[in-house]
Amino acid sequence: MKRKLLALGLAAAMSVSLLAGCGSAGSSSQAGSTGGSSTGGEAASGGSVYYLNFKPEADAQWQALAETYTEQTGVPVTVVTAASGNYETMLKSEMAKTDAPTLFQVNGPVGLASWSDYCYDLTGTDFANELTSDDFKLMDGDKLAGVAYVYEGYGIIVNTALLEEAGYTTADITDFESLKKVAEDITARKDELGFSAFTSAGMDGSSDWRFKTHLANMPLYYEFEDEGYEGTPAEIKGAYLDNYRQIWDLYINNATCEPSLLSAKTADDATAEFLTGAAVFYQNGTWEYTNIADLGDENMDILPIYIGVDGEENQGLCIGTENYWCVNAKASEEDIKATLDFMYWCVTSEEGTTAMAQDMGFICPFKNAKETPNVLNNKMNEAVASGKYSVAWDFNYIPSEEWKNGVGSALTSYAADQTDANWDAVVTAFVDGWANEAAAVNG
C-alpha cells in the first residue's frame, strides 16, 4: 500500500538527514523590492511570490526568510499565515481574489481533490529534482501536483524533570496501562507535587485539531491496518473507539483544569501550562519545539500516544506530513517562475536550508537539507532507528473538515458530561458522520 511505502520513505529520508547534517492569529507581511537578480532554478523574470503559510508556529521565521530573499534578489515575497485550524477556509477566500496565493499547501490526497485544477505540474522543475525520494511526491495522475517539504511526528511531549520529581522516568511508560498508572498517581498527589499530569485538552479552534484530528488518527490507524483500506473508505467500523475513549478520559480527567472548562481552553493555554511546569504531559508534535525550547533540551522527551492495543510497546510516534507545497497554475507565468525560483532557493541555499532546519526545526526531504537541532525530531529519528513501527497519518484520508468538526463537538459535550449516552454521540459522529461525509464528497 502507498501509505506503507511512504512510511518506509520517511525512515530512509530520516537516515539521510542525520548523516547530511499546527495557534496564533493570521498574519502577513511583504518584503519590499530593493533590486537585484534572481538566483536558483527557474528565473523569476520580474514576477512576485505570495505564500499562504499553513504553520502559525513558523510565521516569524517565514517572514524573515522572505525578507532575506527579497534583499538578495529584489523579488517581492508576501507571506500570509492562516490562524491555526483556519487554513482551508482562508485558502478558499484568498484563491477567490485577484492577487491569489502563488504558493499554497494541501494536506494530501483529500485536500488535493479540492484543488487539483489549481496545481501546476511540478514535474521536471529544479525544485522537485531536489527531493531525496519519490515517496514525497503528491501525484494527480501523471501530474506532480505537490511536494512534501517537511515531515514531522507527534505524540506526548514530556517534561522529564517534572516526571522525575514524581518518581518516574520515560522508561517506566511503555503502554497505555503504565501511562495511566503514572498519570493517575500524579493526579492523586498533585497538591503535594504542585503540578498536574496533562495540560488542558483545549477544544477552542486553536487547539481542537489535536484531538478531533491527531488523536482521532489513533483509532483510524489501527482500523486502517486491520481492514487494509486504501484511500478514503466509504464507511468505517469504529472498531477502536473504546480505546479512543479511554485515552480521552485519561487526558481530560488528569489535567490542569476541569473537563467542563475545555471548550474555552486554547493552544496557547496548553503551551503556557507546559512551559511553566504546570503539567508533565502535552500532546503535540515536533513542530512545537520552537515554542517550548525554553524548557531546555535536557528536560524534554516525546512518547507515543498509547491507547491500549496489543503490541503497542513496539509502537513509535505518529510520523508523516500534511504539508504539500503546490504552485498556483492559474497565476501568471512570471509569478509561477518567481515562485518556483523561491522554492528552489529555500531548499538549496545556505540561508534557506539553515532557516528551515535550525530556525523552524524542520526535517526536510531534500538533498541539501541540514540536520535540525530540534530535540523532538531527533527523538523521533531514534524511535525509527530502534525498529519501532511508526503510526501513519491516516487522518489525511478523513473525508472532510465537517467530519472533524462533528467529532470535535461531540468530544467537547462528552468532556463536560461523561455519560455513556454522550459517548454514543461521539461514536455516531465518528462512524455515521464518516459515511455521510464520504458519500457527500464522492457525490
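Thresholds, definitions, all that
- Residues numbered from 1 in each chain as written.
- Predicted model: local features only at pLDDT ≥ 70, side-chain atom pairs only at ≥ 80, totals over all residues.
- Heavy atoms only, no water.
- Phe/Tyr/Trp six-rings, centres within 6.5 Å; stacked < 30°, edge-to-face > 60°.
- Helix = DSSP H or I, 4+ residues; strand = E, 2+ residues; numbered from the N terminus.
- Buried < 20%, exposed > 50% of the residue type's maximum accessible area, 1.4 Å probe, protein only.
- Axes fitted to C-alpha atoms, helices over the stretch in contact; angles between N-to-C directions.
- Parallel < 35°, antiparallel > 145°, perpendicular 65-115°, else oblique.
- Left-handed = near helix turned anticlockwise from the far one by under 90°.
- Contact = heavy atoms within 4.5 Å.
- pLDDT = per-residue confidence, 0-100.
- Expected span 1.5 Å × (residues − 1).
- Core = buried A, V, L, I, M, F, W, Y, C linked by side-chain atoms within 4.5 Å.

(A) The packing of aromatic side chains, seen in detail. Summed over all chains, the structure comprises 34 aromatic pairs. Where Trp287 meets Trp393, the ring centres are 6.5 Å apart and the plane angle is 90°; that geometry is what we call edge-to-face. Placement of Trp287 in the loop between strand 9 (279–285) and helix 12 (289–292) and of Trp393 in the loop between strand 13 (389–391) and helix 16 (401–416) is noted, with a sequence separation of 106 residues between them. Here the two residues Trp287 and Trp393 agree in accessibility, since each one is buried. In this structure an aromatic cluster arises from ring pairing among Tyr51, Trp62, Phe127, Tyr149, Trp325, Phe362 and Phe366.

(B) A look at the environment of Trp345. Within the secondary structure, Trp345 is located in helix 13 (residues 333–348). The class of Trp345 is buried, set by a relative accessible area of 3%. Taking the C-alpha atoms as reference points, Trp345 and Asp126, separated by 219 residues in sequence, lie 10.0 Å from one another.

(C) Looking closely at the packing of helix 6 (residues 176–188) against helix 10 (residues 241–253). Between helix 6 and helix 10, the least distance of the axes is 10 Å, while the angle of their chain directions is 20°. Relative to helix 10, the element helix 6 lies roughly parallel. Crossing angle aside, the handedness with which helix 6 passes helix 10 is left-handed. On the side of helix 6, the interface is formed by Phe176, Leu179, Lys180, Ala183, Glu184 and Thr187, while helix 10 contributes Gln246, Ile247, Leu250 and Asn253.

(D) Quick peek at the confidence of the model for the chain. In this model, the chain carries an average pLDDT of 90, and 90% of its residues clear a pLDDT of 70 or more. Counted against residues more than four places away or in other chains, residues 1–44, with its pLDDT under 50, gives 117 contacts.

(E) Highlighting helix 2 (residues 59–73). With 15 residues, helix 2 ought to run about 21 Å at 1.5 Å a step, and its terminal C-alpha atoms sit 21 Å apart, in line with that. Every buried residue of helix 2 is accounted for by Asp59, Gln61, Trp62, Gln63, Leu65, Ala66, Tyr69, Thr70 and Thr73. Looking one or two residues beyond helix 2, the residue adopting positive phi is Gly74, at roughly 80°.

(F) The arrangement of the nonpolar core in detail. The biggest cluster of nonpolar side chains holds 76 residues, and the ones touching the most others in it are Trp62, Trp325 and Met356. Of the residues forming this core, the biggest block, nine residues, is contributed by helix 13. Ignoring sequence-local partners within four residues, the contact set of Trp62 consists of Tyr51, Asn53, Val79, Tyr149, Trp325, Phe342, Cys346, Met356, Met360 and Phe362. In this structure, Trp209, Tyr222, Tyr240 and Val309 belong to the second largest nonpolar core, which totals 69 residues.

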